Structure formats: C-alpha cells, structure tokens
Amino acid sequence: SKAKGRNAICFFDSSMQEILEKRGQLETALRGALERKEFLLHYQLQMDSSGRPIGAEALLRWNNAKLGSVSPVQFIPVAEESGLILPIGHWVLETACAQLARWQSDPRFNRLCIAVNVSAIQFREAAFVAKVRNVLQQSGIQPWLLKLELTESLVLDDINDSILKMEALKNLGVKFSMDDFGTGYSSLSYLSRLPLDQLKIDQSFVRDITTTDQHDAAIVQTIISMALSLGMEVIAEGVETEEQREFLDLRGCQAYQGYLYAKPMPIEELEIKLAQLT
Ligand code: C2E
Ligand code: CA
Ligand code: CA
Ligand code: CA
C-alpha cells in the first residue's frame, strides 16, 4: 500500500541520515587524530611452514576519547574519501620502518620483515615512490625487510602506473605482497607482469577449505600452484585451525598468518611471543 511505501521511504531516509551523520562524526574525529596521537600499530605474527617466525603485518588501530576504539574497517574508507589517509598512511609507513630500525640492533629480531597495507589513494599519489624512498633513507633500514601489501583492485585500476611504481620501488629493494588474493580479477597474464614477491590467499577462502566448500578448496589449490609456478611465495591469512594449516601445508603453502598463531597485538607483546619462539 501507499502508506507502507511511504514508511519504507521514511525508514530508508532516516537510516541514510544516520549513516551520513556517523560518517561526518568519524571524519571530524579523524581530523587531528594524528596530532592527538590516537593511532597505534598492532602487529600480527607471520610464520613459515616449519614454525619459524618470518615477520608481522602492521595493522592500524585508532582510539578516540569520544568514540572509543574504532575498527579500521569503519574508519579507513572515511580516511580514504576525505584524503586523510595520506598523512595517516605516511605515519603507518614511518612507524613500521622505525620499528624495523629498532629491530636491526637485536639479533633475535633483525631478520624479521614488516608488511604494511597501502591504500589506493596513497599509491596513486605522484610522490608515492619518493615518499617511500625518503622513509627508507631516514630510518636506515634494509629495504627488503619492508613488504608493501597491495590489492588487485588497486593494481588493476591503472596497471601501467602500477607497474612503473612497483618497478621503481623494487629497484629500491622493497618487497610486494598481493593482499586478499583471489577476491578480484586474478589472471595469469597480469600477474606475470607484476614484480610481486608474495601472494596472500584471502581469509574468505581459508575459512571453509576443510569443511564444506569444495570450490574454496579448489581455488586455494589453484592459487598455490599459480604462485609457485610464477616463483612467488604464498601466504595464507585468517588461519584459525590446525586442520586449515595442514590442508594448506599439504598443498604447498609456505607461510601462515591467523589466530591459530597470534592475534594482532602491541609490539611489546609480539616481542615477548617472538622471544618464546626463537
Ligand atoms: P587486511 O589487510 O586483510 O587485514 C587482515 C584482517 O584480518 C585484520 O583485521 C586482522 O586482524 C584480521 N585477522 C587476522 N587473523 C585473523 C583470523 O585468524 N581470523 C579472522 N576472522 N580475522 C583475522 P583488521 O586489523 O580489523 O583490519 C581490517 C582491514 O583494515 C585490513 O584488512 C586492511 O584492509 C585495513 N587496514 C588495517 N590497517 C591498515 C593500514 O595501516 N592502512 C590501510 N590502508 N589499511 C589498513
Ligand atoms: Ca593486509
Ligand atoms: Ca588481507
Ligand atoms: Ca580483507
């Protein structure tokens, strides 16, 4: 009926309004969050197939006085739309490299790499390569200990620009991982053109491999074969059970990340964990 339709529209309008208000709140709070030192990095352990730690992924955390702890799933899109991801992403890069620099003087940690997520907005900036070069120089780290995580949609959005920038960064010694792999338009023809070091199997495939989903198991097998045939390392994320790890291991997966090993945690906790493992 008409009345029902109008209610539906009212409901839609008010929920849209709420979303917009929430977004506005987030954006306002995000402005100045860097200056107020509200960000911090958590690190999630990455392991090789023989149980040795190989490094960690840096994951951004935001604690705001009014909003509390906000998930990156919520605030990263707002940071991207507002352009705030540029200074925030730069801070992430600097902070991760400063951590790598501190690890250099400690024989327990000096071979570990740190993976950093790069937003498309950051990567498309003309100055991106120069910014990474500066951070590498200022921190004085060995560049191959820094791994940049890119997504398929980021790379494919402008494949020629992506190849140029990746080659330039590759020449500096930086490593690349393709994040969330399998969720985009994976094809051998573009993969072989990119100077990638690692493919990261998306957690959505890992979730169901050992139980229900035959298709996910087949996709995972294909991704691993593809990575190996292209001479890339393959890592699985979102590994939560021993069964998942074993399934992946039998099919040639070389590295793992997930709650089975460790949740993302503050650096002090990661170092304690690492010290126990080595
Ligand atoms: P992502 O890069 O795919 O990161 C993996 C996400 O999976 C993280 O969520 C991590 O906490 C979660 N995770 C790790 N192991 C497991 C597991 O075993 N099971 C399950 N269910 N989840 C697991 P988080 O930290 O909430 O980050 C969400 C997303 O936010 C990231 O997805 C990434 O896209 C984005 N993000 C985080 N930090 C940054 C950053 O510094 N820069 C940019 N541009 N994006 C970031
Ligand atoms: Ca990632
Ligand atoms: Ca991922
Ligand atoms: Ca993801």
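Anyway, here's the lowdown on the structure attached to this text. What you see is a predicted model; the values in this text were computed from it and never measured.

1. Some thoughts on the coordination of the calcium ion (ligand 3)
Alright, step 1. The calcium ion (ligand 3) binds to the protein through Asp179 (OD), Asp180 (OD), Glu237 (OE) and Glu237 (OE), with metal-donor distances spanning 2.2 to 2.7 Å.
Alright, step 2. All donors of the calcium ion (ligand 3) come from a single chain, and their spacing in sequence reads D-D-x56-E.
Alright, step 3. Taken as an interatomic distance, the gap from the calcium ion (ligand 3) to the calcium ion (ligand 2) is 3.8 Å; Asp179 donates to each of them. Pair noted here: Asp179 is in strand β6 (residues 175-181) and Glu237 is in the loop between β8 (233-236) and α11 (242-250), with a separation of 58 residues, a long-range link.
Alright, step 4. Judged by its relative accessible area of 8%, Asp179 falls in the buried class.
Alright, step 5. Judged by relative accessible area, which is 8%, Glu237 ranks as buried.

2. Looking at the coordination of the calcium ion (ligand 2)
The expected angle between donors at a tetrahedral four-coordinate metal is 109.5 degrees. At an octahedral six-coordinate metal it is 90 or 180 degrees.
Alright, step 1. Taken together, the protein donors to the calcium ion (ligand 2) comprise Glu57 (OE), Asn117 (OD1), Glu149 (OE) and Asp179 (OD), at separations of 2.2 to 2.3 Å.
Alright, step 2. Sequence spacing of the donor residues for the calcium ion (ligand 2), all on one chain, is E-x59-N-x31-E-x29-D.
Alright, step 3. Residue Asn117 is classed as partly exposed on the basis of its relative accessible area, which comes to 30%.

3. Notes on the packing of aromatic side chains
Aromatic ring pairs are defined here through the distance separating the ring centres and the angle between the ring planes.
Alright, step 1. Taken as a whole, this structure holds seven aromatic pairs when the rule is applied.
Alright, step 2. Note on Phe39 and Trp91: the rings are 6.2 Å apart at their centroids and 40° apart in plane angle, and the pair reads as tilted. You can see Phe39 sitting in strand β1 (residues 39-48) and its partner Trp91 sitting in helix α3 (residues 85-103), a full 52 residues away along the chain.
Alright, step 3. Using a relative accessible area of 7% as the deciding quantity, one classes Phe39 as buried.
Alright, step 4. The class of Trp91 is partly exposed, set by a relative accessible area of 22%.
Alright, step 5. With a centroid separation of 5.4 Å and an interplanar angle of 75°, the aromatic rings of Trp62 and Phe75 are classed as edge-to-face. Taken together, the residues Trp62 in strand β2 (residues 53-64) and Phe75 in helix α2 (residues 72-82) connect sequence positions 13 residues apart. Grouping residues by exposure puts Trp62 and Phe75 together as buried.
Alright, step 6. Aromatic ring contacts, followed pair by pair, group Phe39, Trp62, Phe75 and Trp91 into a single cluster.
Alright, step 7. Over the ring of Phe123 we find Lys165, and its NZ or CZ is 5.7 Å from the ring centre.

4. With respect to the site of ligand 1
Alright, step 1. Of all residues adjacent to ligand 1, which total 21 residues, the nearest are Gln44, Arg61, Gln203, Glu240 and Tyr259.
Alright, step 2. A distance of 2.9 Å separates a nitrogen atom of ligand 1 from a polar side-chain atom of Gln44.
Alright, step 3. Within the side chain of Arg61, a nitrogen or oxygen atom sits 2.8 Å from an oxygen atom of ligand 1.
Alright, step 4. Surface burial for ligand 1 is 81%, taken as the share of its 810 Å² of free accessible area covered by protein chains.
Alright, step 5. Because more than half of its atoms lie within 2 Å of the grid, ligand 1 is assigned to the largest pocket.
Alright, step 6. Counting only elements with at least two residues in the shell around ligand 1, the list comes to β2, α2 and β6.
Alright, step 7. For the shell around ligand 1, the class distribution of residues is nine nonpolar, six polar and six charged.

5. Regarding α3
Alright, step 1. Compared with the 27 Å implied by 1.5 Å per residue over 19 residues, the 27 Å span of α3 between its first and last C-alpha is a close match.
Alright, step 2. All buried positions along α3 are accounted for by Ile85, Ile88, Gly89, Val92, Leu93, Ala96, Cys97, Gln99, Leu100 and Trp103. For α3, the angular spread of the buried residues around the axis is 170°, confining them to a single face.

Parameters at a glance
Residues numbered from 1 in each chain as written. Chains lettered and ligands numbered in written order. Predicted model: local features only at pLDDT ≥ 70, side-chain atom pairs only at ≥ 80, totals over all residues. Heavy atoms only, no water. Donors = N, O, S within 2.8 Å, 3.2 Å for Na, K, Ca; no water. Helix = DSSP H or I, 4+ residues; strand = E, 2+ residues; numbered from the N terminus. Buried < 20%, exposed > 50% of the residue type's maximum accessible area, 1.4 Å probe, protein only. Phe/Tyr/Trp six-rings, centres within 6.5 Å; stacked < 30°, edge-to-face > 60°. Lys NZ or Arg CZ within 6 Å of the ring centre and 35° of its normal. Near = heavy atom within 4 Å. Polar contact = N/O pair within 3.5 Å; in protein donor to acceptor, adjacent residues only side chain to side chain. Areas by Shrake-Rupley, 256 points an atom, 1.4 Å probe, with all protein chains shown as cover. 1 Å grid on protein atoms, 1.4 Å probe; cavity = no way out; pocket = protein on both sides within 12 Å on 5 of 7 lines; lining within 4 Å. Sits in = over half its atoms within 2 Å of the grid points. Nonpolar A, V, L, I, M, F, W, Y, C, P; charged D, E, K, R; others polar. Expected span 1.5 Å × (residues − 1). Arc of directions from axis to C-beta.

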